[in-house]
Structure formats: C-alpha cells, structure tokens
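Each chain, written out:
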Amino acid sequence: MGPEAGVKPRKVSLFIGGKWVDAADGRSFDQVSPATGDVIGIVADASPDDARLAIDAANRAKRSLADLTVLERSELCARIADSILAAQDRLAPELSLEQGKPLKEASDEIRFAASLFRDAAETISNLETSFMPTVNRDKRVFTLRQPHGVVAVLTPWNYPVGIPSEYLSAALASGNVVIWKPAPSTSMIAARLVECLLQSGVPEGAVNLLYGGAGPGQEIVANPGTQAVGFTGSTATGTLIAQHAGAKPLLLELGGNGPTIILDDANLESAVVGTAIGCFTNAGQICQSSERILVTEKVHDQVLDGLVSSASRVRLGHPLQTGTTMGPLNNQGVAAKMDGHLQDAIERGAKVIFGGQRAKGLPTDLYYQPSVVDQVSRDSLINRQETFGPIAPLIVVRDVDDAIAVANSCGLGLCASVYTTDINAAFRCAERLECGVVNVNESAAYWDGRTPFGGWSGKGSGVGRLGGIETVRFMTQLKSVVLDVRYPDER
Ligand code: NAD
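As a convention, each chain's residues are numbered from 1 in the sequence order in which they are written. Note on the predicted model: pLDDT of at least 70 is required for a residue's local features to be given, and 80 or more for side-chain atom pairs to be given and counted; whole-chain, interface and lining totals, by contrast, use all residues. Here the side-chain values reflect all heavy atoms present in the structure, with hydrogen atoms and water set aside.

Undergrad: Describe empty space enclosed by the protein, with residues and values.
TA: Site definitions follow a grid-based scheme: protein atoms alone, a 1 Å grid, a 1.4 Å probe that fits but cannot get out for cavities, and for pockets an open set with protein on both sides within 12 Å along at least five of seven lines, plus lining residues having an atom within 4 Å of a point. Grid points are joined across faces, edges and corners, and a volume is the space filled by probe spheres set on the points. The full count for this structure, using the stated rule, is 3 cavities of 30 Å³ or more. The volume enclosed by the largest cavity comes to roughly 100 Å³. What lines the largest cavity is a set of 13 residues, and nearest its centre among them are L116, E166, S169, G468 and T471. Per the convention used, a helix needs a DSSP run of H or I reaching at least four residues, while a strand needs a run of E reaching at least two, with both numbered from the N terminus. Element by element, the count of residues in the lining of the largest cavity is highest for helix α5 (residues 103-125), at 4 residues. Partitioned by chemical class, the residues of the lining of the largest cavity number 5 nonpolar, 6 polar and 2 charged. Taken as a whole, the second largest cavity holds about 70 Å³ of empty space. Together, 16 residues line the second largest cavity, and P259, A407, L412, G413 and E434 are the ones closest to its centre. When residues of the lining of the second largest cavity are traced back to their parent elements, those giving at least two are α14 (400-408) and β18 (415-419). Only Asp, Glu, Lys and Arg are considered charged, only Ala, Val, Leu, Ile, Met, Phe, Trp, Tyr, Cys and Pro nonpolar, and every remaining residue, Gly among them, polar. Of the residues contributing to the lining of the second largest cavity, the split by class is 9 nonpolar, 4 polar and 3 charged.

Encoded structure:
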C-alpha cells in the first residue's frame, strides 16, 4: 500500500448530547498527516462554550449508566470490545495515517483497546466490596463503590486509541458518563472510537467528544459540572491540570525518562533486543521508552554494537508501506525536542554513532533516523528530561549502585527495565528504583494493561495508578453504610 494522495479531507464533528455537531463558533482546524503532509481532515475546533454544552449534556445523562445493573454495563463493555475488533481493518490504516505508526503497531493498539474493554467488563462484574468488623455490636457496616458522575478524560496522541480506552472502559463499566478531549493531532481516530461505542449501545449523552487544545481542556477540568479527571500527557500540562482540578479526584499519568540498566552478568543478546524495542517502538514516543541506557564498562561495547545493528535494521518509511517498521514522528514539537536533546548531548561531548538527524527524501520532515548516541554525559538533557523520540543513548555506570543512583537522579520516575542474571541485583533494582514499574529481563515498553501502572510519588510522572482493577477503583468512590440493627424496643 502506498501514500494516499488526493484523498478528500474528512469532516470531523464534535459529539455532544448524542449528536454530531459543529463548534458553536463554526471554527475548525486542518488535520495534517505526519506521513504525507496532506490535509486529511477538517476538525471542529471546540471552545470553552462547546465544553460547557458538553458538560450540560453529560449532567443530563448522568444517571444513564449508573442506573444500569452491573451486568448490563459489563455486557455493554463486551459489545464495545467486539465492535472495536470488528472495525480493526478499517481503523488501523486510519490510525497509521493520522498518528504515523506502522500498520502492525496500529493493529496491535486497536486489539489492545478492545482487550481493555473486555477486561473492564470482567473486572466490574467481579467487583466486591467489604462487610466490615465494627466496634459496636449493634452496628453493621458495609461499603459501596459508586461512580463519580461526570468524568473528564484528556489524552495524548501517542496511543490515541489505547490510552483513551484505559479510561473510557473503566469509566463506563463503573457507571460514569464521560467528556473526552483527545490530543488535537489525533482527533479523527477519536471520532472512530466513539462510533464504536455508539454502535454498541452507549446511552445518549453518556459519552461526549471535544477536539482542540487548552481552551476546552481547561474548562472540562475546572468546571464544577465534572466530578473527576483522568489525564495522560506531559508533566507540564499535568501540573496545570492539577491546579485547575482543585480537590477533584485526579489520575495523572505523565512523562517518563525510563532507565534501562544492563549489568555485567546480563544476557546481552536479549538485553539488546529488548532495549531496541524500548527505544524504537512507536518511534520512541512511549512514556515507557528506554530513554537512557545505563551500561557497565564491561558490556558497553557489545551493547553499543548490538544497538547500532538494531538501528540499521529499522525500516523508516510511510507507515502504510509494506516492510516499514518505523514511521514519522507525530508532530513538529516532538521532532524539535529530539533535535534539541541531540544538539545538547553533542555539545556536552556525546558521539552520534548512528542516525542523529531527520531523514531526507521522505514526504515530510517528521521522519527521524533511528539514532544511537554514545558517551552521553550525566548533566545532559537526555539524562534529565524525557526525549520521546527514536533514540538509544548510552551512559556508562560503574556498577549496580551507580546505575540506581543515576536512574534515581532524574526528576521523573515512571518505568525502568533491568537486565541481569543475578537475582540479588534484580531485587535490589526492583526495590530501590524510584518508579512505578520495573521490568526485569524484559523491555521497558512491556505492559499488559491489567497491572498497576503509574509514577513514583513526588516525581513528575503522575499521581495514582491505571490498570485493571486500579482504574475501576479510580473511577468509583467508596461509600460506607452504617446500619443500626436494633429492634425499636431495644433502642
Ligand atoms: P500534552 O500534555 O501536550 O497533551 C495531553 C492532552 O492535554 C491533550 O489532549 C492536550 O490537548 C491537552 N491539554 C494541553 N494543555 C491543556 C490545558 N492547559 N488544560 C487541559 N488540557 C490541556 O501531552 P502530549 O504531547 O499529547 O503527550 C505526550 C506526553 O504524554 C509525554 O510526556 C508522555 O510521556 C506522556 N504520556 C504518559 C503516559 C503515561 O501513562 N504516564 C502515557 C502516554 C503518554
């Protein structure tokens, strides 16, 4: 399959109160494919006024899912999973063209999204609450888990079907209604996901969709008409969201700068394979990416050679072209950050061993060469901040303790991976790394979607945990019910 030249841009409307509508002020923005540079969509650009309309509609529909039985909600989620899977062949190429990822990765993401709805269906139908021991013989106390009401969901562009599905599946299964604002650069695929929800029978007004940036985003976070906020995105935006959300329940999944630690005793073959997956999957645009590769002197040369060989096998190209294993970056902001981090590293003494710049001769300047950089200094931006591009930067460490110190010196703490055959070192790293997830002898990019995922307290990677029952816990609130069991004549 080749570039889709000459395709007429698709008009994409907001979805408010069960209807596809234009923005109230009639504004729209062009959706440009990072793969081709073509305008592929004309997207309604929501203002805070549209956000308020969505909030009103959601509040009118507030009981629509809460009043269903748990099993009815579970069945709804299972139907959504089926609907997403049935649409996979249509959705995957659209996702590739809009986001930039190769078709195989787009298909994987859509199947992952479907699995999240299936998991939420199962989790909610098995959710138990407690009947608690009490201090008073006449009292009985039990707990209920109830929905918050209207949940604002704000999501990024790197997994524009998968990440929203983490929130939407648990929110709907738990009986909430949702106002969702995806990242502007992946608005079109968001509309497709909502179509799948509607085909499955989501009640009118229970899901509302707004496109645009900070304007509508801030409104749905701050407005008292929403009762909880789920946000995945950058640390900078997440910090603003926390300010605007005030005392609402908040789940923040923010940036990472994940260390991959490769120790002397590691199985180097599998370490290199896993690290390359962690660096180059989705062109490095994963919060879990291997952002810093910490190697001991003893294994440095072999790891470097292995990563150069992996980078040379990456097939950079149009995401729908057969054989492509890496597509363009999604937007100029992320490409410019990659330029800046490389420049900074070079100025501080790093050596580019492979790649190191935007590729030439491709339809847009968002195609970035897979890059391997050696001798990255500890004070470089690469070690201190998230890069979010296809880069494998090596930093030499003395031993496991030095590796942990370098890893923890960063102000972010989301995920890490460790390669070692020493069980003691594996435990030491798992326990001492200041992050929410540690993968041992597994790529940094691995996550099965059902296990707790999130940032280390006090670092800039977020608050709370996503994943399986954790997301359902976030999407519900606990209520304690006290019952006095005395008969009237005993009182
Ligand atoms: P971003 O913070 O720029 O945007 C995220 C969302 O917030 C978008 O929908 C955006 O339009 C919206 N937004 C922007 N400003 C806003 C404001 N003032 N008020 C309300 N909403 C606002 O992030 P991005 O560039 O889309 O995504 C990349 C980032 O997401 C990376 O840092 C990455 O690490 C992070 N991320 C984290 C996880 C995780 O699970 N921890 C997963 C994926 C991505």
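Moving on from the coordinates now.
Undergrad: Outline the side chain of T324, listing residues and values.
TA: Structurally, T324 can be placed in the loop between α11 (297-313) and α12 (332-347). Polar contact is defined as a pair of N or O atoms within 3.5 Å, subject to the rule that within protein one atom must be able to donate a hydrogen and the other to accept it, and that residues adjacent in sequence are counted only when both atoms are side-chain atoms. A polar contact of 2.8 Å, which involves the side chain of T324, links it to the backbone oxygen of H318. Note on contacts: a residue pair is in contact if any heavy atoms of the two residues lie within 4.5 Å. Non-local contacts of T324, meaning those with residues more than four positions away in its chain, are made with P102, R315, G317, H318 and P319.

Undergrad: Tell me about the site of the ligand, residues and numbers included.
TA: By nearness alone, 31 residues border the ligand, and K181, S234, T237, L254 and E386 come closest of all. Contact between the ligand and K181: an oxygen atom at 2.9 Å from a side-chain N or O atom of the residue. A183 places a main-chain nitrogen or oxygen 3.4 Å from an oxygen atom of the ligand. Taken together, the elements giving at least two residues each to the shell around the ligand come down to α8 (214-222), β11 (228-232) and α9 (235-245). Proximity criterion: a residue is near a molecule or strand once any of its heavy atoms comes within 4 Å of it.

Undergrad: Can you explain the environment of A276? Please cite residues and give values.
TA: Looking at the element boundaries, A276 is found in helix α10 (residues 268-280). In this structure, A276 is in contact with T281, L307 and S310, ignoring residues within four places of it in sequence.

Undergrad: I'd like to hear about helix α1 (residues 48-60), residue by residue, with values.
TA: Since one α-helical turn is 3.6 residues long, residues separated by three or four positions face the same way. Given the number of residues in a helix, its expected span is that number minus one, multiplied by 1.5 Å. With 13 residues, α1 extends 18 Å between its outermost C-alpha atoms, agreeing within 8% with the 18 Å of an ideal straight helix rising 1.5 Å per residue. Turning to α1, its buried residues are D50, A51, A54, I55, A57 and A58. Projected down its long axis, α1 carries its buried residues within an arc of 165°, all on one side. On its buried face, α1 is in contact with β2 (14-16), β8 (150-154), β9 (177-181), β10 (207-209) and α8. Each residue is assigned to one of three classes by its accessible area relative to the maximum for its type, calculated with a 1.4 Å probe on protein chains only: buried under 20%, partly exposed between the two thresholds, exposed over 50%. Within this analysis, the arc is defined by the directions that extend from the helix axis to the C-beta atoms.

Undergrad: So what about the side chain of K248? Which residues, and what values?
TA: Assignment of secondary structure puts K248 in the loop between α9 and β12 (250-253). One polar contact links K248 to T226, side chain to side chain, over a distance of 2.8 Å. The contact partners of K248, leaving out residues within four places of it in the chain, are I220, V221, A222, N223, P224, T226, Q227, A228 and V229.

Undergrad: Break down the sheet that holds strand β6 (residues 131-132) for me, citing the residues and quoting the values.
TA: Spatially, 3 strands are ordered β6-β7-β21 in an open sheet, and the strand pairing comes out antiparallel. Bordering the open sheet on either side are β6 and β21 (476-484), each of which pairs with just one other strand. By the convention used here, strands pair only if DSSP detects at least 2 bridges between them. The pairing of β6 with strand β7 (residues 139-147) spans 2 bridges and is antiparallel. Bridge assignment links F131 to a residue of β7, and that residue is F142.

Undergrad: Kindly report on the pairing of β8, identifying the contributing residues and their values.
TA: Of all 5 residues in β8, 5 are buried; the element is thus mostly enclosed. Burial along β8 is two-sided: V150, A152 and L154 facing one way and V151 and V153 facing the other are all buried. Sheet topology note: the β8/β9 ladder contains 5 bridges and is parallel. When the sheet's bridge partners are listed, V153 is paired in β9 with W180. When the strands point away from the viewer and the path from the first strand over the helix to the second turns clockwise, the crossover is right-handed. Running through helix α6 (residues 162-173), the crossover from β8 to the neighbouring parallel element β9 is right-handed. Relative to β11, β8 runs parallel, the two sharing 4 bridges. Bridging from a neighbouring strand, V151 pairs with A228 of β11.

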